[in-house]
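# A structural walkthrough
This is what each chain is made of:
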Amino acid sequence: MTKAVSQQIVGMNGDEAVAFAAKQANVDVVAAYPITPQTIIVERFSDYVANGEVDTQFLCVESEHSALSACVGSSLAGSRVFTATSSQGLALMHEVLYLASGLRTPVVMAVVNRALSAPINIHNDHSDMMGSRDCGWIQLYAENAQEAYDLTLQAFRIGEDRNVSLPVTVNLDGFTISHAMEGVAVIEDDQVSKFVGKREPVYKLDPAKPMTFGPLTLPDYYSEFKRQQVDAMNSAPTVIAAVANEFKKISGRQYSAISAFNVEDADAAIMCLGSIAGTARTVAARLRQKGKRVGVIKIWQYRPFPTIEIARILSNLKCVAVIDRAVSFGAPYGALCNDIASTKELTGIKTKMFNVICGLGGRDVRPTEIEYIFEKSLACASGEPIDDPVSFVGVRA
Amino acid sequence: MVTLKELPTTELFGPGHRMCTGCGPAATTRMTMKALQKPAIIVNATGCLEVASTIYPETAWKVPWVHTLFENVAAVAAGIEASLQKEGKADTVDIVAFGGDGGTFDIGIQALSGALERKHDFTYICYDNEAYMNTGIQRSGATPYGASTTTTPAGSKIPGKMDAKKDLIGICVAHGVEYAATASMAYWNDYITKVRKAAAVKGPAVIHVLAPCPLGWRFETSETVRLAKLAVQTRYFPVYEVENGKYKLSIKVPKPVPLEEFLKPQGRFRHLFAPEFTNHLEELKRQVESNWSRISQLSGEAAVPPTVS
């Protein structure tokens, strides 16, 4: 820690940590609809409302489509807004996701990642967010309840920054994070208030200054709107980094686009999103004791994709095993691995790579499986050919 | 009832929009903006009105206006209302949501239902031209029995739409809204009075206004107001209001004009006059009469004799 910061350790699961962050951020409007495993967020926030601990306008709407639509309306009217969803809920929001980013309305949304139907499954994988990864939202992934709390607080600052003005999702693995109780270091209310500040919208629905939002835009201007969204996304990394530095001052915890563990002298590494990173680090540390040079690369900031930062780390590795917790049907690789393939192509790095699909529908990814993936990556690093560039691990043949 | 002299000369909607010549919804919108007495925020569902009034970089709106999607106008309005409540400004602004019949009767009914149930303080105006006109005249839940549309074409076997029009106001009244009303754009005074009543309600209010479409109904563009009037005078479109659940006919029609006078100028009903489809014309008349007597009875009016044609 850089500075002695007074922080209480509170026992909370991931959902509770997110709800608490939204409370501390003093959101003006929450519109949400229940879905497992996101429900605890909405329930805890309802408690805050019922007990008068917040003066938030809380809309318990009739669908996720309306939840995000109402958030967009509130954001356009100048409010700080928050919502949360999972799986089918995110899928139902799909067209509204593009609306929020296209209208440049900051909204913070916790996505408690859960598999998509069919067959119906309430447990974790990343197919929900991956199915909407090109929706124009900034997408952050947490590894545990602490990160879910920390990233939610930072998300308000990032999305509401006038150079960004984009919606943000904070992803946390369903049940593994959302329902697992952990000790969360909680920052004092007044420190959080100072950190998040008050939203100052660039434009808003205001009778004193009438503006038209969301007009029909034809081929003569549509591309320019999209180009501006790309520019906003491109300006996000600088803002994310600045916010992370400020956040460190009040929390002592340092965030950046990626988190690299033991990669400096590693031959091989696992790259992943979310809670698998914890297991991967534990296994990597054990293998280090046996003299095996392995590391872990965890991505916090999935969109905008940190191409340069990842390339910098990959360039020192001989092989990387990319774990995807979702299937990209018919594509050459899973979604994350496709991004790494693009990173290699764009930057010219020659690090070998293979893709592992695992942990679908909440299937536990055990240390033995992680160890198997590390051994495979070390074999690849030592020059053995990769005969299955995309494989399932922990799945019946 | 308001007088013409009382209406503001300011035009908050248009001119310069690209709505068609003779467009019922365009004139209806203009009247709506003259009716509102507080600063307004307009939320517009996807449809003719949205598409033709805001082609970037131009806009016909001199008030804050937002279009988002087709089916979510009531939810967006709810979000805006929540923001204004938070700021303590909800009483200083009229939030008005415009949806066409497709955006209201069909794809937007869930969001509307939710917003009515949660009692958001806003006015919902459904401008009804009885089909998806913006996409090229496809049938909606508001298209009447027998009407020919591009998805219920008058064929040799099936003569147009074979389902009846949905009872939108009945659905809204079932939510316990304080104020709901129908109107016809031909009766400007009645309409403007109703918009003012709706806006004054603390909570949600709904107005369902008939706004003929020359293109979709296939009639001369000079006939819009006459047809909107005939729709009422033939009992085809009863004009009434429901205050706290109590129905009241706004325009009584003791001596209805024969329904044929409303139907004949319109291409969408032409096939009903072919000898082989007489039974379908009779069915439409039966439905019109049955709806009229239902509304009359709800309004406490004496039972009415059937129309003699």
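The subject of this paragraph is the overall build of chain B. In terms of regular secondary structure, chain B is built from 11 helices and 8 strands. Reported as C-alpha extents along the three principal axes, the dimensions of chain B are approximately 65 × 45 × 40 Å. Within chain B, the fraction of its 309 residues that count as buried is 57%. Counting only contacts in chain B whose residues sit at least 6 apart along the sequence, the fraction spanning at least 24 positions is 68%.

All right, on to the overall build of chain A then. Along its length, chain A carries 13 helices and 16 strands. Its C-alpha radius of gyration of 21 Å places chain A within 12% of the 21 Å reference for a compact globule of 397 residues. Viewed in the frame of its principal axes, chain A has a C-alpha envelope of about 70 × 55 × 45 Å. Buried positions account for 55% of the 397 residues belonging to chain A. Pairs at least 24 residues apart make up 81% of the contacts formed inside chain A by residues separated by at least 6 positions.

Residue and element names in this part refer to chain A. Overall, mixed pairing links the 6 strands, which are arranged 10-12-11-14-15-16 in an open sheet. Whereas interior strands pair on both sides, the edge strands pair on one side only; in this sheet they are strand 10 (258-261) and strand 16 (390-392). Going from strand to strand, the sheet's axes swing by 20° on average, the running direction of each strand aside. Here 5 bridges tie strand 11 (residues 268-272) to strand 12 (residues 294-299), and the two strands are oriented parallel to one another. Counted as the bridge partner of Ile 270 is Val 296 from strand 12. Of the strands in this sheet, strand 10, strand 11, strand 12 and strand 14 (319-324) touch helix 10 (residues 276-289), which is tilted by about 165° from strand 12. Lying on the sheet, helix 13 (residues 367-381) is in contact with strand 11, strand 12, strand 14 and strand 15 (352-357); it crosses strand 11 at an angle near 130°.

Moving on, we come to the sheet that holds strand 4 (residues 81-85) of chain A. Residue and element names in this part refer to chain A. Strand order in the open sheet formed by 7 strands is 3-2-4-5-7-6-13, with mixed pairing between adjacent strands. Only two strands of the sheet have a single partner each, and these edge strands are strand 3 (57-60) and strand 13 (301-303). The average angle at which neighbouring strand axes cross in this sheet is 20°, direction not considered. One ladder, built from 2 bridges, connects strand 2 (residues 29-32) with strand 4; its direction is parallel. Within the sheet, the bridge partner assigned to Val 29 lies in strand 4 and is Val 81.

Residue and element names in this part refer to chain A. Segmenting chain A into domains produces domain 1 (7-251) and domain 2 (258-392). Here domain 1 and domain 2 have C-alpha centroids that lie 28 Å from each other. Between domain 1 and domain 2, the residue contacts involve 27 residues of the former and 20 residues of the latter. Of all elements in the fold, only helix 6 (127-130), strand 6 (138-141), strand 7 (168-173) and helix 9 (222-251) reach the threshold of two or more residues within the side of domain 1 that touches domain 2. Considering every element that reaches the side of domain 1 that touches domain 2, the biggest residue donor is helix 9, with 5 residues. A per-class count over the side of domain 1 that touches domain 2 returns 13 nonpolar, 10 polar and 4 charged.

Bringing the interface of chain B and chain A into the picture now. In this complex, chain B contributes 36 residues to the contact, which on the side of chain A involves 36 residues. Breaking the side of chain B that touches chain A down by element, the ones donating at least two residues are helix 2 (48-53), strand 2 (65-67), helix 3 (73-87) and helix 5 (109-117) of chain B. Broken down by element, the side of chain B that touches chain A gets its largest block of residues, 11 residues, from helix 3 of chain B.

Once that is clear, we can look at unusual backbone geometry. All names here are of chain A. Cis geometry marks the peptide bond from Thr 36 to Pro 37, where omega comes out at 5°. With respect to the helices, strands and loops of the structure, Pro 37 is situated in the loop between strand 2 and helix 2 (39-50). With an omega of -5°, the peptide bond running from Ala 118 to Pro 119 counts as cis. Relative to the assigned elements, Pro 119 resides in the loop between strand 5 (108-113) and helix 6.

The next subject is helix 7 (residues 188-200) of chain B. Residue and element names in this part refer to chain B. Helix length check: helix 7, at 13 residues, gives a terminal C-alpha distance of 18 Å against a target of 18 Å (1.5 Å per residue), a fit within 8%. Within helix 7 the residues assigned to the buried category are Trp 188, Asp 190, Tyr 191, Ile 192, Lys 194, Val 195, Ala 198 and Ala 199. Buried residues along helix 7 sit against helix 1 (24-35), strand 3 (94-100), strand 4 (123-128), strand 5 (179-184), strand 6 (205-210) and strand 7 (240-243).

Before going further, it helps to spend a moment on helix 1 of chain B. For an α-helix, the turn length of 3.6 residues means that residues three or four places apart are oriented alike. All names here are of chain B. The terminal C-alpha atoms of helix 1 lie 16 Å apart, and with 12 residues this matches the ideal 16 Å at 1.5 Å per residue to within 8%. In terms of residue burial, helix 1 counts as a mostly covered element, since 11 of its 12 residues are buried. Those residues of helix 1 that sit buried are Gly 24, Pro 25, Ala 26, Ala 27, Thr 28, Thr 29, Arg 30, Thr 32, Met 33, Lys 34 and Ala 35. At its buried positions, helix 1 is contacted by helix 2, strand 3, strand 4, helix 7, strand 6 and helix 9 (224-233).

Let's shift gears to the pairing of strand 4 of chain A. Residue and element names in this part refer to chain A. Of all 5 residues in strand 4, 5 are buried; the element is thus mostly enclosed. Alternating residues of strand 4 divide into Val 81, Thr 83 and Thr 85 and Phe 82 and Ala 84, and every residue in both groups is buried. Pairing of strand 4 with strand 5 involves 4 bridges; the strand directions are parallel. Counterpart to Thr 85 in the pairing with strand 5 is Val 111.

The geometry of helix 3 of chain B relative to helix 5 of chain B is characterised by a closest axis approach of 7 Å and an angle of 35° between their N-to-C directions. Facing Val73(B), Ala74(B), Ala75(B), Ala77(B) and Ala78(B) of helix 3 of chain B, the residues of helix 5 of chain B in contact are Ala111(B), Leu112(B), Gly114(B) and Ala115(B).

Of all hydrophobic cores here, the largest spans 230 residues; its most connected members are Val18(A), Val170(A), Ala268(A), Ala269(A), Ile270(A), Val320(A) and Ala77(B). At 9 residues, the largest contribution of residues to this core is made by helix 3 of chain B. Each of domain 1 (7-251) and domain 2 (258-392) of chain A gives at least three residues to this core. Those residues in contact with Val170(A), other than ones at most four positions away along the chain, are Val18(A), Val108(A), Ala110(A), Leu140(A), Ala142(A), Ala148(A), Leu151(A), Thr152(A) and Ala155(A).

What counts, and where the lines are drawn
- Numbering of residues starts from 1 in every chain and runs along the sequence as written.
- Lettering of chains starts at A and numbering of ligands starts at 1, both following the order in which they are written.
- Given that this is a predicted model, residues contribute local features only at a pLDDT of at least 70 and side-chain atom pairs are listed and counted only at 80 or more, while totals for whole chains, interfaces and linings are drawn from all residues.
- Secondary structure elements follow DSSP: runs of H or I no shorter than four residues count as helices, runs of E no shorter than two count as strands, and numbering proceeds from the N terminus.
- Counting other C-beta atoms within 10 Å of a residue's own tells you its class, since 20 or more makes it buried, 12 or fewer makes it exposed, and anything in between is partly exposed; those C-beta atoms are placed from the backbone.
- Contact between two residues is assigned whenever their backbone-derived C-beta positions fall within 7 Å.
- Both definitions apply: the radius of gyration is a C-alpha atom measure, and the globule rule equals 2.2 Å times residues to the power 0.38.
- We treat two strands as partners when DSSP finds at least two bridges between them.
- Orientation is described by lines fitted to C-alpha atoms, with helices fitted over the stretch in contact, and by angles between N-to-C directions that extend from 0 to 180 degrees.
- Source of the domain bounds: an automatic or database domain assignment.
- Under the scheme applied here, ten amino acids are nonpolar (Ala, Val, Leu, Ile, Met, Phe, Trp, Tyr, Cys and Pro), four are charged (Asp, Glu, Lys and Arg), and all others, including Gly, are polar.
- Take the number of residues in a helix, subtract one, and multiply by 1.5 Å to get its expected span.
- For this entry, the nonpolar core is defined as buried Ala, Val, Leu, Ile, Met, Phe, Trp, Tyr and Cys residues connected by C-beta atoms within 7 Å.

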